[in-house]
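Read off the chains here:
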Amino acid sequence: YLFSNNYLIESVFFSKDIDYSKIKNASYMFNNCQYLKSVNLFNFNANNVDNMANMFYRCPRLKTVIFGNFNTSNVKDMSYMFSGNRLLERLDLTSFNTSNVKNMIDMFSDCEKLVSIKVSRNNWNLSLVEEKYKSGMFDNCGTSEVTYV
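What counts and how
- Residues numbered from 1 in each chain as written.
- Predicted model: local features only at pLDDT ≥ 70, side-chain atom pairs only at ≥ 80, totals over all residues.
- Heavy atoms only, no water.
- Disulfide = S-S within 2.5 Å.
- Buried < 20%, exposed > 50% of the residue type's maximum accessible area, 1.4 Å probe, protein only.
- Helix = DSSP H or I, 4+ residues; strand = E, 2+ residues; numbered from the N terminus.
- Contact = heavy atoms within 4.5 Å.
- Pairing = 2+ DSSP bridges.
- Core = buried A, V, L, I, M, F, W, Y, C linked by side-chain atoms within 4.5 Å.
- Salt bridge = Lys/Arg side-chain N within 4 Å of Asp/Glu carboxyl O.

J.: Any chance you could explain the state of the cysteines here in plain terms?
T.: Taken as a whole and assessed by the stated rule, the structure comprises 0 disulfides. This cysteine, C33, is not joined by any disulfide, and C59 carries the nearest cysteine sulfur, 5.0 Å off. Taking relative accessible area as the criterion, C33 reaches 0% and is therefore assigned buried. Take C111: it sits in no disulfide, and the sulfur closest to it among the cysteines is that of C141, at 5.5 Å.

J.: What should I look at first to understand the side chain of T143 in this one?
T.: In this structure, T143 sits in the loop between β5 (116–119) and β6 (147–148). Since its relative accessible area comes to 14%, T143 is described here as buried. With near-sequence residues (within four places) excluded, T143 lies in contact with L114, V115, I117 and F138.

J.: Where do I start with the environment of N48 in this structure?
T.: For N48, the position within the fold is in the loop between β2 (38–40) and β3 (64–66). Under the relative-accessibility criterion, N48 is labelled partly exposed at 39%. Sequence separation between N48 and N74 is 26 residues; the distance between their C-alpha atoms is 6.4 Å. Discounting residues that sit within four places of it in the chain, N48 has contacts with S21, I23, K24 and N74.

J.: Got a minute to help me understand the sheet that holds strand β4 (residues 90–93) in this structure?
T.: Here 3 strands make up an open sheet; going across it, the order is β4-β5-β6 and the pairing parallel. What marks the edges here is a single partner per strand, and that holds for β4 and β6. Where β4 and β5 come together, 4 bridges link them in parallel fashion. What sits directly across from D92, in β5, is K118.

J.: What exactly am I supposed to notice about the environment of D17 here?
T.: Summarising the element assignment, D17 is placed in the loop between β1 (11–13) and β2. Residue D17 is classed as exposed on the basis of its relative accessible area of 67%. Taking the C-alpha atoms as reference points, D17 and G84, 67 residues apart in sequence, are found 31 Å from one another.

J.: What's the story with the nonpolar core in this structure? I'm lost.
T.: Nonpolar side chains in soluble globular proteins tend to end up buried together. F30, F56, F82 and F108 are the most contacted members of the largest nonpolar core, which totals 43 residues. Those elements giving two or more residues to this core turn out to be β4 and β5. Dropping the residues within four chain positions of it, F108 is found in contact with F82, L91, L93, L114, I117, W124, M137, F138, D139 and C141.

J.: Explain the environment of G142 here, please?
T.: Tracing the backbone shows G142 in the loop between β5 and β6. Sequence spacing of G142 and I18 is 124 residues, and the spatial spacing of their C-alpha atoms is 36 Å. Among residues more than four places away in sequence, those in contact with G142 are C111, E112, L114 and V115.

J.: What's the story with the pattern of salt bridges in this structure? I'm lost.
T.: Here the idea is simple: oppositely charged side chains can pair when their charged atoms come close. Inspection of every chain in the model, using the stated rule, returns 4 salt bridges. Of the charged contacts in the structure, one is a salt bridge between K37 and E10, with a shortest N-O distance of 3.9 Å. Separated by 27 residues along the polypeptide, K37 in the loop between β1 and β2 and E10 in the segment before β1 bring together distant segments of the chain. On the basis of relative accessibility, which here comes to 41%, the residue K37 falls in the partly exposed class.

Here's what the structure looks like:
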């Protein structure tokens, strides 16, 4: 809940000088940040994170998220991760490894302007996600699929 419900921040950049490797739960990290426009996670070490549910949930002005070498190989829950971000147009999730994810309910729901979601053919693996945990994944989204690169 690091920045959750913060109505002041417009932009977040994670410094390389801070050790983020001990963070295990990133759920609701930016939840309901009403004025947040951009997040740069390039230096954020997500190696130990196992929960990203609602991470960017309902950030109505969010337009840019930069992930860089974001390691998601231990994440099990990505439900509602980007849900409700009505201005988000493109996501580059090529660094995402989803081989351990079990829940993606409403992951991109209510992202009406989201027209491009790039993922890596080698790392985007939904084999552990049961159909019921994929429900609503693209509801009211500008696209209904990911693009493999």
